[in-house]
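Descriptive structure summary
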Amino acid sequence: MPERSFVSHLQTCIGAGKDALERSRESRDQLQDLLRGYVEAVQSIELEREEEDNESVRSALRDFDEHLSDLENAIADLQRGFATEVDQSFHSLEEASDYVTVTLFGRTKAGKSTLMETLTKGDGSTIGEGAQHKTTDVRPNHFWPPGQQLLRIVDTPGVEGFEGEEMTEKANQFVEQSDLIIFLVTDDKVSAGELDHFGNISTFGKPIVVLLNVKEKVEVLVEAPEAYVFEREKIEGHRKRMERYLRKNFGIEETEVIPFHARGAWKSIQTSNEELRGASRIDVVKKRIKGFVEEEGLAARISAPRDVLRSYVRTIKNALRPFAGKFRSLSWSAKDLQEKMDSALEQVDIFGKRRLGEMKSVFEEASADIPQFVDEIINEGKSGRAINTEWKSFLKQHGVHEIGPEFRSEVVDQVEKEISRSADRARRAADSRFQGDDIDGVSSAFKGIQEIEGRKKVRRHGKAAMRAAGSGAAGAATAYAAANFWNPTGWAAGVAVAATAAAGYAGERAGKYGAEKWEEKTEERIKEKRDEIVGDLRDRLWSRYHSLNDELHEWLQDEVLDQLHSDLRKTLGRLESVSSSLWRRTVRMLDELDDYDQSLERRWARQCMEAEIPDVEDGQIELERAAVTPEVGARLLVSSDSDANPLAACIGSGGERAKQVSRRLGVNPVVFIDAGSSIEERISQALYSVDVQSTDVLTKGENKKVDVEVPGPHVGRAIGRNGENISQVEDVLGLDEIEISEV
């Protein structure tokens, strides 16, 4: 008959586990609500809508809207996936709630089934012959001690069989249902693959023990177990090799290793050989399992639902952080690009005005040649009709006709040049920003504006050429923009060049600047009016200059610069607004998950306190904040509405209550801190093992920093390994920073 105390411990663990699972359902639902709220908030973020005349702007915004919709769907899928997994995890815990579960992991032929048969006093029918995947599914419940259906032993397939999504999911289910995991390896072969499986299983945070199955002959085991089978130096060598690998690849500092002889243990049960049983060290294994139930089982069962929820919180945060980084960088890039595009258009404005100034010299040269032009017509005895005909050739010869189309074409090319240059600068800045955020895969999304291949030189004649100079570039750049959601430089180039193309159509309006007035005049009248004709043609030429100058100024300002400013801001401004909203909401969600995590920690710690401290159960003492880590212990910030001393009530006579809370939490020490005391007293209580000499509180806005002086030998103790101790103090006291210095 098993000891009554052991059965009692099992019953206590099972009862506490069921209670913890039931209490955790509310926390599970809160996590689901948080996720749904985030999805709804993201789905409510929309592009600002208004009628657009520019088809390129409409097309760019439509395409961006489609990408935004895809993003919303992806986040919704993420939420649904997590919701399903959380429900499955809770269902898995519920299935295992009637037992304390010890699960055996290891490769095929490591001795798992042999150990299970030994513990449960089975008939040996489940022991494999060493073929891979002999154990292909979870065994039916095998209970130990026999006759008590309280502690079950679960034998799993060889870890080498946990490949593929279905088998990986099954392995995860085994781990989630486990209270204690026993991982078996053999002394003749411990592969990196086995240790990788061990490392992955250990990330679940479950108690885990390595059993080193020594495969010496049974005869040798009986004759000299310590000298040959469990030789200390050899066993220590195995342990150190495993620890080195696990520390390097998984950050696991220490690994508990228990050597035993599985085959010897099994034979000792079959033959009732007490000497063989003792030599096999199966009693050490049994003692470790019993010790877990009596010392660690309660905490493991109570924390299981919390650990599941916290693992999902960490996973969700890891999934959302890249989104937040993308949204933030996209917002900055869009804003930065707007500034660079403004600068680019300023350069276009300077270029255009300079070219308009240069245009005057063409008219001056033509004006100087007008007398010679009129004299040649008179000397050749031509009529007024010839003046009109030759005047067109004269203007063409001097390049007056081409000034308007040429100016527009040059401006379009200059826009392309400045936009591409600014976009490339913005791309490099975005690349640097994304790399600084260290977010995988995002930098590659900013690939820079593609070169518009085959761009022709400025063509001086013809409206077809003008249309090609604009719309061809617009099509190429807009297509690139539409192909890359994360590239605001693409959007800018697409809209800007398309807008320029639209402005280019104004180049088709070539007004008439002829000499129709003199068309009906005779040769004699032309001679008489020679000076008048020269003056009139000059007046018309300069009138044309002023008219063209005004028209091109107006075209440059209204149809190019102002239109581009408007179109760029309609796209980049909305892109910046949407991405900024997405970033802020995602950061808020991450903050809410942090608050949820602290709330989860507080509820779990309160549950452990309620079971041992009556004042907590009846509401006289409230747990304000909790910080619990296996490496450091627990710090609990408590308060009381009555005159009662909350520290005395929580610690109990002789520290008995604190010990029981520690047992339920599964950590040591447990430090209680009085929330009603001064900040100096709270820090001294939190740093209970350190002689705090002075405390200086510095407040700047919402940030609160505390400088603490301690004796030199206490500095390391106050900070803790890797800063874990002082970090926990900051967390439980809600401080931004505590700086420890030597007195």
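Above this text you will find the structure in question.
So, a few notes on the structure that sits alongside this text. (Residues numbered from 1 in each chain as written. Predicted model: local features only at pLDDT ≥ 70, side-chain atom pairs only at ≥ 80, totals over all residues. Heavy atoms only, no water.)

Comments concerning helix α3 (residues 112-120)
Among the 9 residues that make up α3, 9 are buried, leaving the element largely enclosed by the rest of the structure. Of all the residues in α3, the buried ones are Lys112, Ser113, Thr114, Leu115, Met116, Glu117, Thr118, Leu119 and Thr120. Remark: Lys121 follows α3 within two positions and exhibits a positive phi of approximately 55°. (Buried < 20%, exposed > 50% of the residue type's maximum accessible area, 1.4 Å probe, protein only. Helix = DSSP H or I, 4+ residues; strand = E, 2+ residues; numbered from the N terminus.)

Section: helix α21 (residues 679-686)
Burial in α21 covers these residues: Ile679, Arg682, Ile683 and Ala686. Projected down its long axis, α21 carries its buried residues within an arc of 100°, all on one side. (Arc of directions from axis to C-beta.)

Considerations on the sheet that holds strand β1 (residues 100-106)
Two strands in a sheet stick together by hydrogen bonds in their backbones, pointing the same way (parallel) or opposite ways (antiparallel). Pairing in this open sheet of 6 strands is mixed, and the strands run β2-β3-β1-β4-β5-β6 from one edge to the other. The open sheet terminates on both sides in strands that have one partner only, identified here as β2 (142-143) and β6 (257-260). When strand β5 (residues 208-213) meets β6, the two strands line up parallel, connected through 4 bridges. Considered in β6, the bridge of Leu212 is made with Pro259. (Pairing = 2+ DSSP bridges.)

Overview of the packing of aromatic side chains
Enumeration over the complete set of coordinates arrives at 10 aromatic pairs. Ring geometry for Phe82 against Tyr312: centres 6.3 Å apart, planes inclined by 85°, an arrangement best described as edge-to-face. Of this pair, Phe82 sits in helix α2 (residues 55-95) while Tyr312 is found in helix α11 (residues 282-379), placing the two residues 230 residues apart along the sequence. On the basis of relative accessible area, Phe82 is assigned to the buried category, the value being 8%. Clustering of aromatic rings is evident, with ring pairs tying together Phe363, Trp542 and Tyr545. Across from the ring centre of Phe6, 5.8 Å away, lies the NZ or CZ of Lys290, which sits over that ring. Lying across the ring of Trp604, Arg306 places its NZ or CZ 3.6 Å from the centre. (Phe/Tyr/Trp six-rings, centres within 6.5 Å; stacked < 30°, edge-to-face > 60°. Lys NZ or Arg CZ within 6 Å of the ring centre and 35° of its normal.)

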